[in-house]
Protein chains: 2
Amino acid sequence: MTRFHLPADKIPTAWRNVVPELPEPLQPPLHPATKEPVGPDDLAPLFPMGLIAQEVASEPWIDIPGEVLDVLRLWRPTPLVRAERLERALGTPARIYFKDESVSPAGSHKPNTAVAQAFYNAAENIHRLTTETGAGQWGTALAFACRQFDLECKVYMVRASYDQKPYRRVMMETWGGEVVPSPVDQPDHPGSLGLAISDAVRDAATRDDSHYSLGSVLNHVLLHQTIIGLEAKEQLALAGETRPDVVIASCGGGSNLGGIALPFLDDDEIRLVAVEPASCATLTEGRFDYDFGDTAGMTPLLPMYTLGHEFVPPSIHAGGLRYHGDSPIISNLVKAGRMEAIAYPQGKTFEAAIQFANTEGKLPAPETGHAVRATIDEALAAKEAGEARVILFNYSGHGLLDLSAYDDYLHGRLVDA
Amino acid sequence: MTRFHLPADKIPTAWRNVVPELPEPLQPPLHPATKEPVGPDDLAPLFPMGLIAQEVASEPWIDIPGEVLDVLRLWRPTPLVRAERLERALGTPARIYFKDESVSPAGSHKPNTAVAQAFYNAAENIHRLTTETGAGQWGTALAFACRQFDLECKVYMVRASYDQKPYRRVMMETWGGEVVPSPVDQPDHPGSLGLAISDAVRDAATRDDSHYSLGSVLNHVLLHQTIIGLEAKEQLALAGETRPDVVIASCGGGSNLGGIALPFLDDDEIRLVAVEPASCATLTEGRFDYDFGDTAGMTPLLPMYTLGHEFVPPSIHAGGLRYHGDSPIISNLVKAGRMEAIAYPQGKTFEAAIQFANTEGKLPAPETGHAVRATIDEALAAKEAGEARVILFNYSGHGLLDLSAYDDYLHGRLVDA
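In what follows, the accompanying structure is described. For clarity, every value in this text was computed on a predicted model and none was experimentally measured. (Residues numbered from 1 in each chain as written. Chains lettered and ligands numbered in written order. Predicted model: local features only at pLDDT ≥ 70, side-chain atom pairs only at ≥ 80, totals over all residues. Heavy atoms only, no water.)

## Describing the relation of the copies chain A and chain B
To be explicit about the condition: Superposition of the copies used a least-squares fit over C-alpha atoms from residues whose pLDDT is at least 70 in both.
The transform that puts chain A on chain B rotates by 180 degrees and translates by 0.0 Å along the axis, for an RMSD of 0.0 Å. In the structure described here, the two chain copies are related by an operation that fits a two-fold rotation axis.

## Brief notes about the interface of chain A and chain B
Applicable threshold: We call two residues in contact whenever any of their non-hydrogen atoms come within 4.5 Å of each other. Once two parts are joined, some of their accessible surface, as seen by a 1.4 Å probe, is lost; buried area is that loss totalled over both. Here, a salt bridge means any side-chain nitrogen of Lys or Arg that lies within 4 Å of a carboxyl oxygen of Asp or Glu. Polar contact criterion, stated in full: a pair of N or O atoms within 3.5 Å, where within protein one must be able to donate a hydrogen and the other to accept it, and residues adjacent in sequence count only if both atoms are side-chain atoms. Numbering of helices and strands runs from the N terminus, with a helix taken as a DSSP run of H or I at least four residues long and a strand as a DSSP run of E at least two residues long. For this classification, the nonpolar set comprises Ala, Val, Leu, Ile, Met, Phe, Trp, Tyr, Cys and Pro, the charged set comprises Asp, Glu, Lys and Arg, and every other residue, Gly included, is treated as polar.
Contacts between the two partners involve 38 residues from chain A, matched on the other side by 38 residues from chain B. Both sides of the chain A and chain B interface together cover about 3500 Å² of buried area, and 57% of this is carbon and sulfur. For the interface between chain A and chain B, the tally reads 2 salt bridges. A salt bridge links Asp-407 of chain A to Arg-169 of chain B, with the nearest nitrogen and oxygen atoms 3.1 Å apart. Across the contact surface, chain A and chain B share 21 residue pairs in polar contact (both at pLDDT 80 or more). Contributions of two or more residues to the side of chain A that touches chain B are made by α3 (66-72), α6 (137-148), α8 (166-174), α14 (346-360) and α16 (403-410) of chain A. Residue composition of the side of chain A that touches chain B, by class: 19 nonpolar, 9 polar and 10 charged.

## Notes on the state of the cysteines
All names here are of chain A. Keep this limit in mind: When two cysteine sulfur atoms lie within 2.5 Å, the pair is treated as a disulfide. Type-normalised accessible area, obtained with a 1.4 Å probe on protein chains alone, sets the label of each residue: buried when under 20%, exposed when over 50%, and partly exposed for intermediate values.
Scanning the model with the defined rule gives 0 disulfides over all chains in all. For the unlinked cysteine Cys-146, the closest cysteine sulfur is that of Cys-153, found at 4.1 Å. Of the residues examined, Cys-146 reaches a relative accessible area of 1% and is grouped as buried.

## What about the environment of His-224 of chain B?
Residues and elements named next belong to chain B. With respect to the helices and strands, His-224 occurs in helix α10 (residues 219-238). Look at His-224 and you get buried, because its relative accessible area is 0%. Expressed as a C-alpha distance, the spacing of His-224 and Pro-65, which sit 159 residues apart in the sequence, is 11 Å. Not counting residues within four places of it along the chain, the set of residues in contact with His-224 comprises Trp-15, Leu-51, Gln-54, Asn-112, Thr-113, Ala-116, Gln-117 and Tyr-120.

## Remarks on α8 of chain A
Residue and element names in this part refer to chain A. Counted residue by residue, α8 has 8 buried out of 9 residues, so it is predominantly covered. Among all positions of α8, only Tyr-167, Arg-168, Arg-169, Val-170, Met-171, Met-172, Glu-173 and Thr-174 are buried. The first or second residue beyond α8 is Gly-176, which carries a positive phi of 90 degrees.

## Some words on the pattern of salt bridges
Opposite charge on two side chains makes pairing possible when the charged atoms of those side chains draw close. All told, the structure shown has 56 salt bridges over all chains when counted by the stated rule. We note a salt bridge from Asp-203 of chain A to Arg-128 of chain A, for which the minimum N-O separation is 2.9 Å. With Asp-203 of chain A in helix α9 (residues 193-205) and Arg-128 of chain A in strand β6 (residues 128-133), the pair connects residues that are 75 residues apart, well separated along the chain. Each member of the pair Asp-203 of chain A and Arg-128 of chain A is classed as buried. Here Arg-389 of chain A ties to Glu-378 of chain A by a salt bridge, and the two come within 2.8 Å at their closest N and O atoms. A residue pair is termed long-range when its members are at least 10 positions apart, and Arg-389 of chain A in the loop between α15 (366-385) and β15 (390-395) and Glu-378 of chain A in helix α15 qualify at 11 residues. Just as Arg-389 of chain A is buried, Glu-378 of chain A falls in that class too. Shared partners join several salt bridges into a network, and the residues in it are Arg-169 and Glu-173 of chain A together with Asp-407, Asp-408 and Arg-413 of chain B.

## Some thoughts on the sheet that holds β15 of chain A
All names here are of chain A. Under the convention used in this document: When DSSP finds two or more bridges between two strands, those strands count as paired. Simply put, an axis is a line fit to the C-alpha atoms, just over the touching stretch for a helix, and the angle between two N-to-C directions goes from 0 to 180 degrees.
Taken in spatial order, the 7 strands make up an open sheet running β1-β4-β5-β15-β10-β11-β14, and their pairing is mixed. Every other strand in the sheet has two partners, leaving β1 (2-4) and β14 (339-344) as the edge strands with one partner each. The average angle at which neighbouring strand axes cross in this sheet is 25 degrees, direction not considered. Where β1 and strand β4 (residues 80-82) come together, 3 bridges link them in antiparallel fashion. Of the residues in β4, the one forming a bridge with Thr-2 is Arg-82. Here α15 sits on the sheet and contacts β5 (95-100), β10 (246-250), β11 (271-277), β14 and β15; the angle it forms with β10, its principal contact strand, is near 150 degrees.

## Quick notes on helix α15 (residues 366-385) of chain B
All names here are of chain B. Selection criterion: Here a helix's expected span is defined as the number of its residues, less one, multiplied by 1.5 Å.
In this model α15 runs 29 Å from its N-terminal to its C-terminal C-alpha over 20 residues, within 8% of the 28 Å that 1.5 Å per residue would give. For α15, the buried fraction is high: 14 of the 20 residues fall into the buried class. The positive-phi residue at the C-terminal boundary of α15 is Gly-386, with phi of around 65 degrees.

## Here we look at the packing of aromatic side chains
Remark: the centre distance and the inter-plane angle together describe each pair of aromatic rings, the angle taken between the planes. We count it as follows: Each Phe, Tyr or Trp ring, with Trp reduced to its six-membered ring, pairs with another whose centre is within 6.5 Å; inter-plane angles below 30 degrees give stacked pairs, above 60 give edge-to-face pairs, and intermediate values give tilted ones. Only lysine NZ and arginine CZ atoms are considered, and such an atom sits over a ring when it is within 6 Å of the ring centre and within 35 degrees of the ring normal.
A full pass over the atoms with the stated rule returns 29 aromatic pairs over all chains. An angle of 35 degrees between the planes, with centres 5.6 Å apart, marks the rings of Phe-98 of chain B and Phe-393 of chain B as tilted. Of this pair, Phe-98 of chain B sits in strand β5 (residues 95-100) while Phe-393 of chain B sits in strand β15 (residues 390-395), and the two are 295 residues apart along the sequence. For Phe-393 of chain B, a relative accessible area of 0% gives the class buried. Ring centres of Phe-98 of chain B and Tyr-395 of chain B lie 5.4 Å apart, and the angle between their planes is 50 degrees; on these two criteria the pair is classed as tilted. Residue Phe-98 of chain B is found in strand β5, and its partner Tyr-395 of chain B is found in strand β15; the two are separated by 297 residues along the sequence. The pair formed by Phe-98 of chain B and Tyr-395 of chain B is uniform in burial state, with each residue classed as buried. One aromatic cluster is present, formed by Phe-98, Phe-356, Phe-393 and Tyr-395 of chain A through successive ring pairs. Looking at Arg-16 of chain A, its charged tip hangs above the ring of Trp-61 of chain A, at a distance of 5.4 Å from the centre. The ring of Tyr-162 of chain A carries the charged tip of Arg-169 of chain A above its face, separated from the ring centre by 5.8 Å.

This is how it looks when you write it as structure tokens:
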């Protein structure tokens, strides 16, 4: 309920690249056919050189272009909020802070990278971007970003969501995006994220004017999201805190988690916590291996925790967390023991989300509800231990377009996992 | 895109009561049966004395209770934003500012008065509030406010919205509200706001533990909303502006308009503009007369512009502007020529709303789209005149739960009026 605003002129002007400082060197992506490390030329049909360079960059800081900052300033710096009413309801000595990424145009952290990706593509004279989207968070962010740089945007939306959840489709169309249900060639198939990635990659690979854009997993995506944690660091100082004791975020592909956590990586005393759904427990129950990013096996093989690229997660409400794999950076940190991972069944996350809505007045996205759950449990553990821990979590998105999930929870229709 | 944040300790601590300073004395409400002026005792079955006193208060400032401020601080002070990207798109020398009330828990300005009303009722040991809601904005705000003061909340929701727009019902239920479709005794009737008011008033009048709560029109409601304009005044000073040349807001019952405009009333050089839908043009085409607030004629008669209490407005998407009457305070100002009124068909308001979404990244509620339309036209008039006018408008709510209206507009299904 106390908000800490970073002045507009204190917005970070460089992203933080932690790849050179990871506990173990990051293994390279491998070509899906040859199984050899992929080079820039392999990626060029899909990505602009500006982003390919960031994918393998070795410098610790990378300047944010002014054109990108101009758009980010529409909603950034985002507020850091101390959740005092939640603290009181829990009776905890912990001090709970959250970074409010829900204030962006798309209502989540996703536009932080969408804007950067649209910029680098436009700068290399690409006229059109393709992507996939599940419930629509990422597609909405990219449609908004494309509009800012006069790019066309084509979104392959998982058919089940396209049919049942039209609201985010309408947001994409409002910003001029073209949205089609996926898989395009099987009109009776409900679709999946892996299939939609295949559709979007195939489209971009076969048109010279088009590139493909991915909303999570890759190094450059997490890089763009580090602006979250960089701002939070400054704002915690404004709040009089030396450091957080623990940083918490939900984890699907890893971008909101990477965004808030990576800027705190170099302080070993800060715990970093990934929260995932029990029904798609990539980090806590998957294996570390090379695997494809999509179902059809068209993407490079990535070194990551995975449930197998053919794993079909149950249809839980936190669509953004239903991914078989995970960011190589996040996987590296978990494997090395630098980052913890924890999984929750969704019923417990909605219970936490409603406690948050009742005390702080904000309705979290189901994905964000996972971080809220872990934060509440951490605050209760601090109470048990009698410790005034400083907890920082990423409020990665609002749940205003996910109210049917709350409806199911409130009326006992939630299929728990 | 530049945001001006008022520090948390500068939140206004008193509301501004302009009733004693209106151009003409405000005529009293009349009893629906006797047609005599109503006294406090007539209102006591429905409202707490704290609010009845505010309804007839003669002091210019009324302190905001600390318990109310504690809840308002969850989202207040709200940002004042300069819409520089919209200005550039219009090529106008005008400076456009908007007050962002969409950041509240319910996504609109409505909680400003809901919280105050819940507090005064709880302070007089009322345990339960009833109200009506159309699309759900007001019911959502009251459900949130009741939760903060441990009151039960029963919402009579216009049946057509209850059936077709479940999202805001779910928000009300998330905060513990009980929502039933209205009219309660005619299960096949699509309902109307006037009928739902009758349902809610009847419920409250027949139970000792219950009061009724109204989200607009009445003096105390506009009083609570003046916090918007009071904050905006301070923030314009932070932005280096002496005063706005014109203040613009959409007008249904008049509360968001009153909230932003009334604190500027005493400066005659500032134009105040009400924007309403052409299909429910109360101020621009109605008559000034005593009329009932509801369809059944159970409420007191109010002196106001009205289209007749039996007028059934067409089912336009800006549900919050579909009211046959208007606030007596607003009506008084328009009648005296101190406030202008303008009406738009809804197609032009959606066109403006999408231009706003494309430039500023925020999707306005259809009601708010009316203010955006008038603001754009004012900025274009300033361009025509070569004048650097300062325009302030109230961004009264977001459109995230109104996306079906955008869908209709984008796909040519909008029935214009």
